[in-house]
Amino acid sequence: MAVDKFQSIESTAVPLPIENVDTDQIIPARFLKATTREGFGENLFRDWRYDKNGNPTEAFVLNNKDYAGTILIAGKNFGSGSSREHAAWAIYDYGFKVVVSSNFADIFKNNALNNGLLPVQVSDSFLATLFKAIEQDPGSLVKVDLEEQRITLLSSGASESFDINPYKKECLLNGYDDIDYLLSIKEKILKFEKSRS
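All values derive from a computational prediction rather than experimental measurement.

Asks: Whenever I open this one, the packing of aromatic side chains confuses me. Can you help?
Replies: Two aromatic rings are characterised by how far apart their centres lie and by the angle between their planes. The final tally for this structure, using the stated rule, is 8 aromatic pairs. Geometrically, the ring pair formed by Tyr94 and Phe96 is stacked, given 5.4 Å between the ring centres and 25° between the ring planes. Residue Tyr94 is classed as partly exposed on the basis of its relative accessible area, which comes to 33%. A relative accessible area of 1% places Phe96 in the buried class. Arranged with centres 6.2 Å apart and planes meeting at 15°, the rings of Phe104 and Phe108 form a pair that is stacked. This pair shows no difference in class: Phe104 is buried, exactly as Phe108 is. Linked through ring pairs, Phe45, Trp48 and Phe60 together constitute an aromatic cluster. Over the ring of Tyr50 we find Arg46; its NZ or CZ atom is 4.4 Å from the centre of that ring.

Structure representation (structure tokens):
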């Protein structure tokens, strides 16, 4: 399943300064009945977004109209817990293209990359800078440049580089999944096979 190409975005951001957010908080287990990735966004952070009667919880950031955008800024150790791929599906389906944190659970990070969602790992100090700027001005723009592997707070120019697996970077830049990538190098594979026969 191919995903949207990702090169660079500039967007406002949604702050979620909560540490140790696990995959059951991202998408509760009772919503894991579907096998395709569409429709999970409506239940993203379901138990934080709504009370037991289904009414929006005003205090939760996704219900705060001051905050919007395609970048989620999250607290340390984001995506821990079970290995459900649905967590990445829910975040992407809601409309986020990037999640920024100072630490990600490895399985979540891989699931995100496999589904077109870019996890940007930054230092604790830069994460604090982002949270402070967005709290002071929800209209603050953040730029994420995948080609340059750099995230920048445009209001101040503060920026930091981030790491990404080169293979996953190429896939995101081109909108490839693993099969698409193999098809893109089909001629090289055939040439190699002929050289071995």
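Asks: Just to check I follow, could you spell out the environment of Glu148 for this structure?
Replies: You can see Glu148 is positioned in the loop between β6 (142–145) and β7 (150–153). Exposure remark for Glu148: the relative accessible area of 57% places this residue in the exposed category. For the pair Glu148 and Asp66, spaced 82 residues apart in the sequence, the C-alpha separation amounts to 30 Å.

Asks: Hey, could you run me through the sheet that holds strand β5 (residues 118–121) in this one?
Replies: Each strand in a sheet pairs with its neighbour through backbone hydrogen bonds, running either in the same direction (parallel) or in the opposite one (antiparallel). The strand order across the open sheet formed by 4 strands is β2-β3-β4-β5, and the pairing between neighbours is parallel. If you trace the sheet from one side to the other, it starts and ends with β2 (13–16) and β5, each paired once. Pairwise comparison of adjacent strand axes, ignoring direction, gives a mean angle of 20° for this sheet. Two strands pair when backbone bridges link them, and strand β3 (residues 71–74) and strand β4 (residues 98–101) are joined in this way by 3 bridges, in the parallel orientation.

Asks: Could you clarify how one ought to interpret the side chain of Ser80 in this entry?
Replies: Within the secondary structure, Ser80 sits in the loop between β3 and α3 (86–94). For Ser80, a relative accessible area of 16% puts it in the buried group.

Asks: Explain the nonpolar core here, please?
Replies: Most often, soluble globular proteins keep nonpolar side chains buried together rather than apart. By size, the foremost hydrophobic cluster in this structure holds 54 residues, and its most contacted members are Phe45, Phe78, Val100, Phe108, Leu118 and Val144. Leave out the neighbours within four places in its chain, and Leu118 touches Phe6, Lys97, Val98, Val99, Leu113, Val144, Leu146, Phe162, Ile164 and Leu172.

Asks: What's the story with the pairing of β7 in this structure? I'm lost.
Replies: Looking along a regular strand, one sees the side chains alternate between the two faces of the sheet. Where β6 and β7 come together, 4 bridges link them in antiparallel fashion. What sits directly across from Val144, in β7, is Ile151. Hairpin remark: β6 followed by β7, antiparallel, with 4 residues in the connecting loop; positive phi at Gln149, about 55°. Sheet topology places β7 next to strand β8 (residues 159–161); 3 bridges connect them, and they run antiparallel. For Thr152, the partnering residue across the bridge sits in β8 and is Ser159. The turn linking β7 back onto β8 is made up of 5 residues, and Gly157 within it adopts a positive phi angle of 85°.

Asks: What is the right way to look at the packing of α3 against helix α4 (residues 106–114) in this model?
Replies: Relative placement of two packed helices is described by the angle separating their axes and the distance separating the axes. Contact geometry for α3 and α4: axes closest at 8 Å, N-to-C directions at 50°. Regarding the angle of α3 to α4, the classification is oblique. Here α3 runs over α4; the crossing is right-handed. Counted together, Ala87, Ala88 and Ile91 of α3 and Phe108, Asn111 and Ala112 of α4 form the full contact between these two elements. Among the residues forming the contact of α3 with α4, the class breakdown is 5 nonpolar, 1 polar and no charged.

Conventions and cut-offs
Residues numbered from 1 in each chain as written. Predicted model: local features only at pLDDT ≥ 70, side-chain atom pairs only at ≥ 80, totals over all residues. Heavy atoms only, no water. Phe/Tyr/Trp six-rings, centres within 6.5 Å; stacked < 30°, edge-to-face > 60°. Buried < 20%, exposed > 50% of the residue type's maximum accessible area, 1.4 Å probe, protein only. Lys NZ or Arg CZ within 6 Å of the ring centre and 35° of its normal. Helix = DSSP H or I, 4+ residues; strand = E, 2+ residues; numbered from the N terminus. Pairing = 2+ DSSP bridges. Axes fitted to C-alpha atoms, helices over the stretch in contact; angles between N-to-C directions. Core = buried A, V, L, I, M, F, W, Y, C linked by side-chain atoms within 4.5 Å. Contact = heavy atoms within 4.5 Å. Parallel < 35°, antiparallel > 145°, perpendicular 65-115°, else oblique. Left-handed = near helix turned anticlockwise from the far one by under 90°. Nonpolar A, V, L, I, M, F, W, Y, C, P; charged D, E, K, R; others polar.

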